[in-house]
Amino acid sequence: MMQKKQLVVIGNGMAGARAVEEIVARGGNDIFEITMIGDEPYGNYNRILLSNVLNGTQRSEEIFLNPLEWYETNQVRLLAGVRATAIHRATRTVELADKTQVPYDQLLIATGSSPFVPPMDGLRTPDGKLKPGAFVFRTIDDCTRIAEWAQESRSAVVIGGGLLGLEAARGLTTYGCDVHVIQIMPYLMNQQLDMSSGTMLKYSMEQMGIHVHVGVATEKLLGKERIEGLAFKDGSKLACDMVVISAGIRPNVDLAKDAGLMVDRAIMVDDQLRTSDSRIFAVGECVQHRSVVYGLVAPLWEQAKVLAEHLTGRNPQAAYLGSKLATKLKVMGVELASMGVVEPRDDRDEVVQFSEPRRGRYKKLIIRENRLAGAILLGDTAKAGSLMQMFDRETPLPEDRAALLFDLGQAAQQSVGDLPDDTQICNCNGVSKGAIRACVLAGKRSPKAVMDATRAGMGCGSCKSNVAKLVEHFCEGEMVEDPSAHYYVPGVPLAKPELVEAITARGLRSVSAVFATLAGGLEDPASKPGLASLLKTIWGAEYEDERDARFINDRVHGNIQRDGTFSVVPQMPGGVTTPADLRRIAEVAEKYQVPLVKLTGGQRIDLLGIRKDDLPNVWADLGMPSGYAYAKSFRTCKSCVGTDFCRYGLGDSMGLAKEIEQRFHGLESPAKIKMGTTGCPRNCSEAYIKDVGAVAIEGGRWELYVGGAGGAHVRKGDLLCTVETHADVLKYAGRFIQYYRENAKYLERTYGFVERVGIAKIRAVVVDDAEGIAERLDAAMQHSVDAYTDPWLEAHRPKTANQFASTIPLVAAHEGSL
C-alpha cells in the first residue's frame, strides 16, 4: 500500500475547511493524512452569519458548517484551539505554540484575515488590549462579548459603514441600544455601491432607527477605564457605552512572511494556488492572485475546487484564473445585488440608470463594448439572476436596455428551471443549480432538507425562494412537506395546538420555562416575542413576564421612532375626548417640548418625539391610560357620531365603541386588532374594513363583520352574524377574537386568518357553537379581560432599573467633555 502523504492545513476557517471538503470529496483521504490547525476551539462556521447570531435570529450552533464530529467522520485530524507559530521550510514542519512540530509533505495556508483596527487615541489600555467597551466583530466569541456588553448599554457606535458594520448595527438594535454608524467615506458600502445608491441606503437605515454619520473620521475614544464616547476630527463628540470596530480586514500573512514566502499585500500564489515554495499552497483571504486580494466567499469556493483538483491529481492542469465579483445579499432586510464596477471608466462606457428614492429602489448598469461591466440593484433584485449570468458569461446584451432592468411584458420571465446547471444559486455558500438537482435526486425532497444538506439559503437568505422553486421543479410535484413549516415559533418544534396543550398541561408560565421544558434548554431569541404573546394569552395575570423576551415597544409601552424617541398615545375610547383631557395633553406637550402633536387614523392624539426617560413623567402628568398604539394587541375602536347628532344614525356607534374599548383594551393577540363601529351602512368610520366591525342597520340591529383590512392589504370583512344588542356585539366579537387568539399563527392578521380558516367554519364555531366550545371561549376571554392592568402604571414601579434609561444624543464639542 502506498504510504500516505502528510497534508497540513493552517487555518480552520471557511476557505481552509472548504478546501479540505473538496479534497476529501475527490478521494483525498486515500492520498493524504490530513491535519488541520485552527485558532478557535470550534469546528468550522459560516462567518457571514455572525450578524444573525448577534441579532438573535440564529444560535451559534446553527451556523456551523462542519461541527467537530465532521472531522472525525472524514478522518481529518483537527487541532482546535491551537495556534501555529512558525513554518520551518527546511525541515518541512509547522511549529505550534507549545513547540510541538507537525511534519508536512504539503502545506496549505488558509489563515484568512483579521479585522483592521485604524489607529485612534484612547483605544487601548497600557497593556495593548482594547479598552473595555471596544470590540472587533470577527468571531463567535466576539459576538458573545458584544452581546453581553450591549445588554447593559444604552448607546452603541459602529465604526465602519460596510456590510459587516451595518449588520453589526442591526444586531445591536435588538438589545434596545441607540445605534450610530460612523462611516469615514461619503456614503455607505462604498465597495459595492455608488454615491446615489449609498445615500439611498443611508436613508433606509435611518428609517429603521439607526443614526448614520458619513464623511466622519474618528480621532479619539473617550473614557479612562472604559469607553464613554468618541471624538471626531471635526471637533464634535458622541457619547456612547460601547464601540464595535468594523473598518475592513487585513490578510494574515505573518507566518508566510516569517517563513520567507513571497508576500506583497497578501501571500502571492500562481494559478494552482502555489506559493513561492512548491510544497506550500494558500487559499482564501490571505491570498494575492494576479494582484487581486479577495474578500468575498465566491472566490474562496473557486480556489478550493482548483486546489483540490490539483492536489488529488484529478486534474493537474486545473487553473484558477481569477473571479468576477458579484454578490446578492440583504443589508438589514434591504435587497441588494452588486457586480463588477460601480462607476464608468470613461465616456465610452454606457450607463443605464433608474432611481425611485421614495420607494428605495435604484438600478444601474455599466455597459462596456455591449457587455455588462457592472451593475447595482438596490431595493429590487428581481433581475439580479439574469444580470449575474450575463456578467459572468460576458454575453452580448440586448438592444433594449430597459428589458435588462424590468419585465416589460413582451418576454416571459426566465424560470429557474431554465437556468444552466452551473448557475450559482446561493452565493454565500457557493451552491449551484446542479448541486441542488443532485441533492433532490439523492432523496432530499423538501426545501429545508435541501438547504440543510447543501447549505443553500443558509447565508443571507436572499436565494431561499429560488431554492424552493428548484426543489419543486426537480421533485416534479412530489415534494415532501416540512413539519417545521407548521411550528408556531421556529425554536420549539410544535404546532400551535400542541404547543398550547403542552404549555397548559405542564403549567409553563414563562418563556424560559418553555425553552427548558419543550426545546431541550436551547433558547431561541427569534422565538421569544411569539412565545411571550402566547403565554400572556393563555395565562393572563399569571403569566411570568420576562422583559428580555419582548420587543422594545413592549418593554417601554411606546412606539419607537426613527430618531430613538417614542410616541405617546393616550386612550381615547371611540375617539371621544373632553376639554379637560385636551388641556392636559396640551400642557404636557408644552412642558416636554413635544416636537409633533398629531391626530391618528384611529381617532386619537399622538405625542411624537418623547425621550425614553421622560415617558414615566409624561404618563403621570397625562393621568390617562395607555392607548396601546405600539403592541400586538387590541389597538382602538373607531366610530362615527352615531345617533346622538347624525341625522342618518341608526345605532349608538359612539356608545358601543366606548364599551368595546373598555372591555378589550390591552388584550394580547397574535397581531394587532383594529375595530370600528358605524351608526349606519354609510360606513363613515370604515367598520367594513376593520379586523372586527359593527354596522348599525334598520330595526336597531347590528351586523358584525370580521377579517377586514384597510392597510397595505385591503379587504372588506366577512359578515359573521347579525345581532340585536350591544351586549351581543361584545359577546360574539369577544368569542371571535378568542378563537382567533387560540388558532392564528403569530403575526397573522385576522384577514389572513379568516381566509385561511374560512368564514363558514368560523361562523359555525363562534355563532352556532358547532364544536361545543363557545362557553369555554367566552370564559377564556373573560379571564383575559379580568387580567387587564394599565402598563403605564409602571411609571411609578419600573420593572427593571434601566427600563426608561434614555438614549444619549450627539453632542457638540463645546458642550464639555464626556
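Quick caveat, the model's predicted, so the values are computed rather than measured. (Residues numbered from 1 in each chain as written. Predicted model: local features only at pLDDT ≥ 70, side-chain atom pairs only at ≥ 80, totals over all residues. Heavy atoms only, no water.)

Structural notes on the packing of helix α15 (residues 511-518) against helix α16 (residues 528-539)
Here is step 1 of the chain: Viewed as axis vectors pointing N to C, α15 and α16 meet at an angle of 105°, and their least axial separation amounts to 9 Å. In terms of orientation, α15 lies roughly perpendicular with respect to α16. Touching V511, V514 and F515 of α15 are K528, L531, A532 and L535, all from α16.
Here is step 2 of the chain: Looking at the contact of α15 with α16, its residues break down into six nonpolar, no polar and one charged. (Axes fitted to C-alpha atoms, helices over the stretch in contact; angles between N-to-C directions. Helix = DSSP H or I, 4+ residues; strand = E, 2+ residues; numbered from the N terminus. Parallel < 35°, antiparallel > 145°, perpendicular 65-115°, else oblique. Contact = heavy atoms within 4.5 Å. Nonpolar A, V, L, I, M, F, W, Y, C, P; charged D, E, K, R; others polar.)

Some thoughts on a negative patch on the surface
Here is step 1 of the chain: Taken together, D768, D769, E771 and E775 make up a surface patch of like negative charges.
Here is step 2 of the chain: In this fold, E775 is placed in helix α24 (residues 774-786). (Patch = residues over 30% accessible without salt bridge, like charges linked within 9 Å, V, L, I, M, F, W, Y side chains within 5 Å. Areas by Shrake-Rupley, 256 points an atom, 1.4 Å probe, with all protein chains shown as cover. Salt bridge = Lys/Arg side-chain N within 4 Å of Asp/Glu carboxyl O. Lys, Arg positive; Asp, Glu negative; His and termini not counted. Charge placed at Lys NZ, Arg CZ, Asp CG, Glu CD.)

Some thoughts on the confidence of the model for the chain
Here is step 1 of the chain: Looking at the chain, pLDDT values average 87 and 94% of them are 70 or higher.
Here is step 2 of the chain: Across residues 807-818, confidence stays below pLDDT 50; counting only partners more than four residues off in sequence or on other chains, it has 27 contacts. (pLDDT = per-residue confidence, 0-100.)

Considering unusual backbone geometry
Here is step 1 of the chain: The phi dihedral of L273 is positive, around 65°, even though this residue is not glycine.
Here is step 2 of the chain: Relative to the helices and strands, L273 resides in the loop between β20 (267-269) and β21 (280-282).
Here is step 3 of the chain: Here L273 falls in the buried class, since its relative accessible area comes to 0%.
Here is step 4 of the chain: At N370, a residue that is not glycine, the phi angle is positive and equals roughly 65°.
Here is step 5 of the chain: Within the secondary structure, N370 sits in the loop between β27 (361-368) and β28 (371-378). (Buried < 20%, exposed > 50% of the residue type's maximum accessible area, 1.4 Å probe, protein only.)

Describing the pairing of strand β39 (residues 692-697)
Here is step 1 of the chain: Burial analysis of β39 places six of its six residues in the buried class, the great majority of the element.
Here is step 2 of the chain: Along β39, one buried face is formed by V692, A694 and A696 and the opposite face, lined by G693, V695 and I697, is buried too.
Here is step 3 of the chain: Pairing of strand β38 (residues 673-678) with β39, which is carried by four bridges, proceeds in the parallel orientation. Note on β39: the bridge partner recorded for G676 is G693.
Here is step 4 of the chain: With six bridges connecting them, β39 and strand β40 (residues 701-706) associate as antiparallel partners. (Pairing = 2+ DSSP bridges.)

Some words on helix α20 (residues 653-664)
Here is step 1 of the chain: With 12 residues, α20 should reach 16 Å at 1.5 Å per residue; the first-to-last C-alpha distance of 16 Å fits that figure.
Here is step 2 of the chain: Inspection of α20 places S653, M654, G655, L656, A657, I660, E661 and F664 among the buried residues, and these make up the whole buried set.
Here is step 3 of the chain: Immediately beyond the C-terminal end of α20, within one or two residues, lies G666, with a positive phi of roughly 75°. (Expected span 1.5 Å × (residues − 1).)

Remarks on the pairing of strand β18 (residues 242-245)
Here is step 1 of the chain: Side chains M242 and V244 of β18 all project onto a buried face; the interleaved residues V243 and I245 project onto the opposite face, where all are buried too.
Here is step 2 of the chain: Bridge analysis of strand β11 (residues 134-136) against β18 gives three bridges, and the strand direction is parallel. Across the sheet, V136 pairs through a bridge with I245, a residue of β18.
Here is step 3 of the chain: Where strand β12 (residues 155-159) meets β18, four bridges bridge the pair, whose relative direction is parallel. When the sheet's bridge partners are listed, I159 is paired in β18 with I245.

Examining the packing of helix α11 (residues 433-441) against helix α12 (residues 447-454)
Here is step 1 of the chain: Put simply, α11 and α12 touch, their axes get as near as 10 Å, and they point 115° apart. As for the relative orientation of α11 and α12, their crossing is right-handed in sense. Contacts between α11 and α12 pair A435, I436, C439 and V440 from the former with V450, A453 and T454 from the latter.
Here is step 2 of the chain: In terms of residue class, the contact of α11 with α12 is built from six nonpolar, one polar and no charged. (Left-handed = near helix turned anticlockwise from the far one by under 90°.)

Some words on the pattern of salt bridges
Here is step 1 of the chain: Evaluated as defined, the whole model comprises 38 salt bridges.
Here is step 2 of the chain: We note a salt bridge from E206 to K202, for which the minimum N-O separation is 2.7 Å. Of this pair, E206 and K202 both sit in helix α6 (residues 195-207), four residues apart, roughly one helical turn.
Here is step 3 of the chain: The partner of K591 in a salt bridge is D621, with the nearest N and O atoms 2.9 Å apart. You can see K591 sitting in helix α18 (residues 579-591) and its partner D621 sitting in helix α19 (residues 615-622), a full 30 residues away along the chain.
Here is step 4 of the chain: The class for D621 is partly exposed, based on a relative accessible area of 31%.
Here is step 5 of the chain: Among the charged side chains, a network of salt bridges with common partners joins R18, E22, R26 and E309.

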